[in-house]
Amino acid sequence: MTDEKLAVLRRGPADYEVAAAGASSDTAQFAETDGGWLRRIQTFLNEYPTTVPLLVLLLGVVLFSWISGRTFLHPYNLSLILQQVTIIGTVGMAQTLIILTAGIDLSVGVVMILTTVVAGRAAVSFGLPAEFIFAIGLSVGLGCGLLNGLLVAVFRLPPFIVTLGTFAMIGAMVLYVSGSQTISGRELAETTPSLLLTGTSFRIGGAQLTVGSILLLVLAAVLWFVLARTAFGRHVHAVGDAPDAARLSGINVRNTLLAVYVVAGAICAFAGWLMIGRVGAVSPTSGALANLDSITAVVIGGTSLFGGRGSVLGTLIGALIVGVFRNGLALSGADILWQEFAVGLLVILAVLLDQWIRKVSQ
Amino acid sequence: MSTPVLKARNLVKKFGRVTAIDHADFDLMPGEILAVVGDNGAGKSTMISALSGAVQPSAGQVWLEGKPVQFASPLEARDAGIETVYQGLALSPALSISDNLFLGRERRKGGIWGRLSRDLDRKAMDAEARKQLTALGLTTVQNISQRVETLSGGQRQGIAVARACAFSSKVVILDEPTAALGVKESRRVLDLILAVRARGLPIVLISHNMPHVFEIADRIHIHRLGRRLCVLPTSETTMPDVVAMMTGAMAPPVVHKIPEGEPVQ
């Protein structure tokens, strides 16, 4: 090595290093910023996002019992609300799973309807045994979910476009299979009465509950457990929240997404069974708005459309909020257009709130 | 001298017509902080990705503690004991601190219940998370179940580093850990890195911040045009020289001997 080079190496500190010599070398503390009560509310809601839907639900109940009094608060009416939201609540469970992954599913409604018309046709025209009919219905749901899942997870197409496409295709299949004909409850009862089982109602006190509405509550409990307490549930949240972080943490993003769409398809098939019971027939037109209504329930329930945060319990509450406002407004004699208006307003408010809650980071 | 913990020879990686790594070598010695510096586009990140399994080199060989290894995914590298904190994408903001620490390697409850229901052992994970944070002096984070997005940038980086340390048995790779942080928070993270070294873990620090590099690194690996230009002990060089070598304005001053006696150049 030349002396010149050594000299370069051993040259003293540069000017800017000298200037920095007197700099403070204190170790910084992580300051606990206290932004006042508004900030504290924001942080609290960030941690417990289901609080708001719960408060809105209570507010709705208080409001309408004040306006309509006994009629609204009667157990029969309350159980009626639960029955009314059974289908949307169930489809909303499937939608919640999808939206947690930052996706959206416009096909949930028609998938549900397709399972009902296929199962109904299998029962009435072919007279297959009940086990086969349930297996076929479930396969239809799984198949549709798999189709959506493959296109989203493997071909990496945007979920909105994928399900817009499958919505139209599956909708056409509904018309093809059903021939636009309704299958009456009498025909179903003669061939496969178990399809109508979910509509069976029983009374507890003044309330009239159906098997279907109980099954919705069971489904919500199971999904809550899976999402909140299992590794798969954590992965679903992570994939929707930060796909790159999830991938780098060793999560198989593709398989997680695929599983979510397939499970959502299965839940739609389940919703189909509940709907046959609720309607008491198989109709290609009932539940036609379930796709949009399910998104409404999910959003009002506090699940973020940007993925990663939300819960199925929120969606259940969201569906109940819609039910309470519709029922309450109807009882108070308001024109039906105000029901639509109120639901729309709630959606906007819910999204505004979500936007604010997500801005909690410092 | 001891054998390098992580060693690579003749790594090559091409993306189409671009050669991101051009016969690069790499050596990380036990217990050291090795800074990897280089101009933008010098191929530092790609080389690090090749070492951490995120990218598969088209040629060359990597050794971990003297044994040849080949990682098909970051997961394999992680299982082998190499933990990487990727710049900006380390954590899932909507998940809690504890969830993030255990993301991808959650612990299930034992017994029949745990096997059937796949119920997570949240208590054990929370306790372990708290232990890890305390061990690294991140005691200002009190609530282990608060979402990561409610934390400051430095605290988040701290969580990411804590996660890497908690699970790493051999090497911790940090990609620009102070890039997005203010002066005070950077300080805190640098202290954290020193605390990790004090535990005996060797650290690869990729950074553009020369003062930070000179403050904590033991040796500096200068990367230029897809390959290693030289490795210099921090005490034997200066910031202007390193910058000059990085940009090609100055030739590397010395040929350092590496353990096997191969010249580094």
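Residues numbered from 1 in each chain as written. Chains lettered and ligands numbered in written order. Predicted model: local features only at pLDDT ≥ 70, side-chain atom pairs only at ≥ 80, totals over all residues. Heavy atoms only, no water.

(A) Region of interest: the overall build of chain B. Secondary structure summary: chain B contains nine helices and 10 strands in total. For chain B, whose C-alpha radius of gyration is 19 Å, the value lies close to the compact-globule estimate of 18 Å for 265 residues. If one aligns the C-alpha atoms of chain B with their principal axes, the spans along those axes are about 60 × 40 × 40 Å. Burial statistics for chain B: of 265 residues in total, 58% are counted as buried. In chain B, the share of contacts with a sequence separation of at least 24, taken over all contacts with a separation of at least 6, comes to 64%. Carbon and sulfur atoms form 52% of the exposed surface of chain B, whose accessible area is close to 10,700 Å². Side-chain charges in chain B split into 32 positive and 26 negative, and the spacing between the mean points of these groups amounts to 4 Å. (Helix = DSSP H or I, 4+ residues; strand = E, 2+ residues; numbered from the N terminus. Rg over C-alpha atoms; globule rule 2.2 N^0.38 Å. Buried < 20%, exposed > 50% of the residue type's maximum accessible area, 1.4 Å probe, protein only. Contact = heavy atoms within 4.5 Å. Areas by Shrake-Rupley, 256 points an atom, 1.4 Å probe, with all protein chains shown as cover. Lys, Arg positive; Asp, Glu negative; His and termini not counted. Charge placed at Lys NZ, Arg CZ, Asp CG, Glu CD.)

(B) Main features of the confidence of the model for chain A. All names here are of chain A. Averaged over chain A, the pLDDT score is 89; the fraction of residues at 70 or greater is 90%. Within chain A, helix 7 (residues 86-100) carries the highest mean pLDDT (97), whereas helix 1 (residues 3-9) carries the lowest (48). Considering only residues more than four positions removed or in separate chains, one finds that residues 5-11, a stretch of pLDDT under 50, has 14 contacts. Of the regions scoring below 50 in pLDDT, residues 25-31 engages in 13 contacts with residues more than four places distant in sequence or in other chains. (pLDDT = per-residue confidence, 0-100.)

(C) Helix 13 (residues 231-241) of chain A, seen in detail. Within helix 13 of chain A, nine of the 11 residues are buried, leaving the element largely enclosed by the surrounding structure. Where helix 13 of chain A is concerned, the buried positions are A:G233, A:R234, A:H235, A:V236, A:H237, A:A238, A:V239, A:G240 and A:D241. On the buried face of helix 13 of chain A, the contacting elements are helix 7, helix 12 (211-229), helix 14 (243-248) and helix 15 (253-279) of chain A together with helix 3 (97-101) and helix 5 (122-135) of chain B.

(D) Spatial organisation of the packing of aromatic side chains. Residue and element names in this part refer to chain A. One pass over the structure, following the stated rule, counts eight aromatic pairs over all chains. Taken together, a centroid distance of 5.9 Å and an interplanar angle of 45 degrees make the contact between F64 and F72 tilted. Considered together, F64 and F72 belong to a single accessibility category, that of buried residues. An aromatic cluster is built from F64, F72 and F325, whose rings are joined through pairwise contacts. (Phe/Tyr/Trp six-rings, centres within 6.5 Å; stacked < 30°, edge-to-face > 60°.)

(E) Layout of the side chain of B:R78. Mapped onto the secondary structure, B:R78 falls in helix 2 (residues 74-79). Buried charged residue B:R78 carries no salt bridge. Nearest counter-charge: B:E83, at 4.2 Å. From its side chain, B:R78 meets the backbone oxygen of A:S249 in a polar contact 2.6 Å long. (Salt bridge = Lys/Arg side-chain N within 4 Å of Asp/Glu carboxyl O. Polar contact = N/O pair within 3.5 Å; in protein donor to acceptor, adjacent residues only side chain to side chain.)

(F) Structural view of the state of the cysteines. Residue and element names in this part refer to chain A. Using the criterion set out here, one finds zero disulfides over all chains in the structure. With no disulfide of its own, C144 has C268 as its nearest cysteine by sulfur position, at a separation of 8.5 Å. On the basis of relative accessible area, C144 is assigned to the buried category, the value being 9%. (Disulfide = S-S within 2.5 Å.)

(G) Structural view of the confidence of the model for chain B. Residues and elements named next belong to chain B. Here chain B averages 86 in pLDDT, and 93% of its residues register 70 or above. For chain B, helix 4 (residues 111-117) is the element with the lowest average pLDDT, namely 84, and strand 8 (residues 203-206) is the one with the highest, namely 94. Contacts from residues 261-265, a stretch scored under 50 in pLDDT, to residues over four places away or in other chains number 15 contacts.

(H) Representation of unusual backbone geometry within the structure. The backbone phi angle of A:S180 is positive, close to 60 degrees, even though this residue is not glycine. Of note, A:S180 is situated in the loop between helix 10 (159-178) and helix 11 (185-191). The phi dihedral of B:E176 is positive, around 45 degrees, even though this residue is not glycine. Note on placement: B:E176 falls in the loop between strand 7 (171-175) and helix 7 (183-198).

(I) Local environment of the sheet that holds strand 6 (residues 82-85) of chain B. All names here are of chain B. Spatially, 6-7-8-3-9-10 is the arrangement adopted by the six strands of the open sheet, whose pairing is mixed. The outermost strands of the open sheet, each flanked by one partner alone, are strand 6 and strand 10 (227-233). Between one strand and the next, the sheet's axes are offset by a mean angle of 20 degrees, whatever the strand orientation. Two strands pair when backbone bridges link them, and strand 3 (residues 33-38) and strand 8 are joined in this way by four bridges, in the parallel orientation. Within the sheet, the bridge partner assigned to V36 lies in strand 8 and is I206. The strands touched by helix 1 (residues 44-52) within the sheet are strand 3, strand 6, strand 7, strand 8 and strand 9 (219-224), with strand 3 carrying the most contacts at an inclination of about 140 degrees. (Pairing = 2+ DSSP bridges. Axes fitted to C-alpha atoms, helices over the stretch in contact; angles between N-to-C directions.)

(J) How the structure looks around the domain arrangement of chain B. All names here are of chain B. Here chain B is partitioned into domain 1 (6-91 + 156-247) and domain 2 (95-146). If you average the C-alpha positions of domain 1 and of domain 2, the two centres end up 28 Å apart. With 15 residues of domain 1 in contact, the opposing surface of domain 2 contributes 13 residues. Of the roughly 1,300 Å² buried between domain 1 and domain 2 on both sides combined, carbon and sulfur atoms contribute 63%. Its largest share of buried area at the contact with domain 2, domain 1 owes to I159, R163 and F167, together 38% of the area lost on that side. For the interface between domain 1 and domain 2, the tally reads one salt bridge. (Domains from an automatic or database assignment. Buried area = accessible area lost by both parts, 1.4 Å probe.)

(K) Representation of the pattern of salt bridges within the structure. Residues and elements named next belong to chain B. Applying the stated criterion to the full structure yields 20 salt bridges over all chains. Two residues, R227 and D22, come together in a salt bridge whose shortest N-O distance is 3.3 Å. With R227 in strand 10 and D22 in strand 2 (residues 18-28), this residue pair connects regions lying 205 residues apart in the sequence. The class for R227 is partly exposed, based on a relative accessible area of 37%. Relative accessible area serves as the criterion here: at 22%, D22 is assigned to the partly exposed category. A salt bridge links D218 to R197, with the nearest nitrogen and oxygen atoms 2.8 Å apart. Residue D218 is found in the loop between helix 8 (210-216) and strand 9, and its partner R197 is found in helix 7; the two are separated by 21 residues along the sequence.

(L) How the structure looks around the packing of helix 9 (residues 130-154) of chain A against helix 10 of chain A. Residues and elements named next belong to chain A. Their axes nearest at 9 Å, the elements helix 9 and helix 10 cross at an angle of 150 degrees. Once helix 9 is placed against helix 10, the crossing between them reads as right-handed. The segment helix 9 lies against helix 10, with C144, L147, N148, L151 and V152 engaging P159, V162, T163, T166 and I170. (Left-handed = near helix turned anticlockwise from the far one by under 90°.)

(M) Layout of helix 4 (residues 51-68) of chain A. All names here are of chain A. With 18 residues, helix 4 should reach 26 Å at 1.5 Å per residue; the first-to-last C-alpha distance of 25 Å fits that figure. Regarding helix 4, the residues found buried are P53, L57, G60, F64, S65 and S68. Taken down its axis, helix 4 places every buried residue within 120 degrees of arc, on the same side. Those residues of helix 4 that are exposed and angled more than 90 degrees off the buried face are L55, L58, L59, V62 and W66. Where helix 4 is buried, its residues touch helix 5 (70-73), helix 16 (290-300) and helix 17 (312-331). G69 sits one or two positions beyond helix 4 and adopts a positive phi of about 60 degrees. (Expected span 1.5 Å × (residues − 1). Arc of directions from axis to C-beta.)

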